[in-house]
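A closer look at the structure
In case you want the letters, here they are:
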Amino acid sequence: MKKFLLLPVIMLLAICCGCASLWENAENEPADISPTELMTKMRKVSDPQGACAAATSYVLRQQMIPDNADTQSEPYQVEVLFQRQPYFSKTTIYKNNEPTRTILFNGKKAWQIDPSTGQYQDITGTGLEMIKVLDKIGNPAYTYSDVFNDIKVYQMVSGTTEYYKLVCASDQFDNIKFTVFVNKHSFRTRKIILTLTGDQGTIQYTSYINEYSVRDGIMMPATITTETNGIKAQYRTLEFKLNVMIPAAEFELPIPWYLKENQPANTTAPDSKK
């Protein structure tokens, strides 16, 4: 579970910043705004024209920023392809410009793919349920209220900065805890904490924003810092484009190399009906 879930988590939730110790010690107070009002203001800041919410597709690419102290690490990139109709999302991790792992999801089913061999396996059970939730969180057509039926908002102070704190939960997905910290005055998301509990234990994911930039009219994280079960990494956004024509072949399951000689030239994409 841990391996394939960390890929979409990095990309879909990379929207947040700050000092962890200050956040943890801050006290929560009743907020002066409702969850609906806050989420409306957040969306207006990040997507003022509604372009992302209405997009038919997007391409997002990020690259890990090497640690200066670690000269042995291999640089890698993460790419997300999203298409609304027919519905697909695809997350691929690259090392030295070569794809090493891919997650393909069509709204109902998900597969983990080894690009080097073409072999793939179904993702089922808790893993599939979590991918469905994470995919919705990262889908521009949805809001947090489409995913979580219990959203509470508080206000707090970390250092000298005021924040709103959204605490999101769901009766359907009680193994997911989702908390969002939002600057009270700019309404930009500054930090996210996501806890996933599954068959193989718990994943604690935290993401911070180091800086923002505008890409294709959308306010995007330019660099982010993530921490997953104590392991830190930093990423830089390389590309974000809306309404991109994505070849249908990108959303087809590959044919394993040892079966290619026995298969017709054209393959059929997995069921795309959501």
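You'll find the structure just up there.
Below you will find a few notes about this structure.

How each quantity is defined
Sequence positions are assigned chain by chain, starting from 1 and proceeding in written order. Note on the predicted model: pLDDT of at least 70 is required for a residue's local features to be given, and 80 or more for side-chain atom pairs to be given and counted; whole-chain, interface and lining totals, by contrast, use all residues. Only heavy atoms go into the side-chain values, all of them from the structure, while hydrogens and water stay out. Note on conventions: DSSP H or I runs of at least 4 residues are helices, E runs of at least 2 residues are strands, and numbering of each starts at the N terminus. Relative accessibility thresholds used throughout: buried, under 20% of the residue-type maximum; exposed, over 50%; partly exposed, between the two (1.4 Å probe, protein chains only). His residues and chain termini do not enter the charge count, which takes Lys and Arg as positive and Asp and Glu as negative. Salt bridges are defined as contacts in which a side-chain nitrogen from Lys or Arg sits within 4 Å of a carboxyl oxygen from Asp or Glu. In protein, a polar contact requires one atom able to donate a hydrogen and another able to accept it; more generally it is a pair of N or O atoms within 3.5 Å, and residues adjacent in sequence count only if both atoms are side-chain atoms. Two residues form a contact once any of their heavy atoms are found within 4.5 Å. What a helix should span is 1.5 Å times the count of its residues minus one. When we speak of the arc, we mean the arc of directions from the helix axis to the C-beta atoms.

Positionally, Asp47 belongs in the loop between α3 (35-46) and α4 (51-54). Here Asp47 is buried and forms no salt bridge, its nearest opposite-charge partner Arg43 lying at an N-O distance of 5.5 Å. Polar side-chain contacts of Asp47 include one of 2.9 Å to the backbone nitrogen of Ala51.

What follows concerns the environment of Pro140. Mapped onto the elements of the fold, Pro140 is located in the loop between α5 (125-138) and α6 (144-147). Owing to a relative accessible area of 9%, Pro140 belongs among the buried residues under this scheme. Pro140 sits 90 residues away from Gly50 along the chain, and the two C-alpha atoms are 9.5 Å apart. Every residue in contact with Pro140, bar those within four places of it in the chain, is listed here: Arg43, Cys52, Ala53, Tyr58, Phe82 and Arg84.

Our focus in this paragraph is α3. In a regular helix each residue adds 1.5 Å, so 12 residues correspond to 16 Å; α3 covers 17 Å between its end C-alpha atoms and thus fits that length. Listing the buried residues of α3 in full gives Leu38, Met39 and Met42. Each buried residue of α3 lies within a common arc of 95° when the element is viewed along its axis, so the set occupies one face. Exposed side of α3, more than 90 degrees from the buried face: Thr36, Thr40 and Lys44 are the residues found there.

In the structure shown here, the tally under the stated rule is eight salt bridges. With a shortest N-O distance of 2.9 Å, Lys90 and Glu250 are connected by a salt bridge. Taken as a pair, Lys90 in strand β4 (residues 88-95) and Glu250 in the segment after β14 (231-242) lie far apart in primary sequence, 160 residues in all. Accessibility expressed as a relative area gives 14% for Lys90, which makes it buried. In this structure Glu250 comes out as partly exposed when scored by relative accessible area, which is 28%. With a shortest N-O distance of 3.8 Å, Glu129 and Lys132 are connected by a salt bridge. Of the two residues, Glu129 and Lys132 are both situated in helix α5; the distance of three residues between them amounts to about one turn of the helix. Using a relative accessible area of 30% as the deciding quantity, one classes Glu129 as partly exposed. Via salt bridges that share partners, Arg61, Glu79, Glu239 and Lys241 belong to a single interconnected network.

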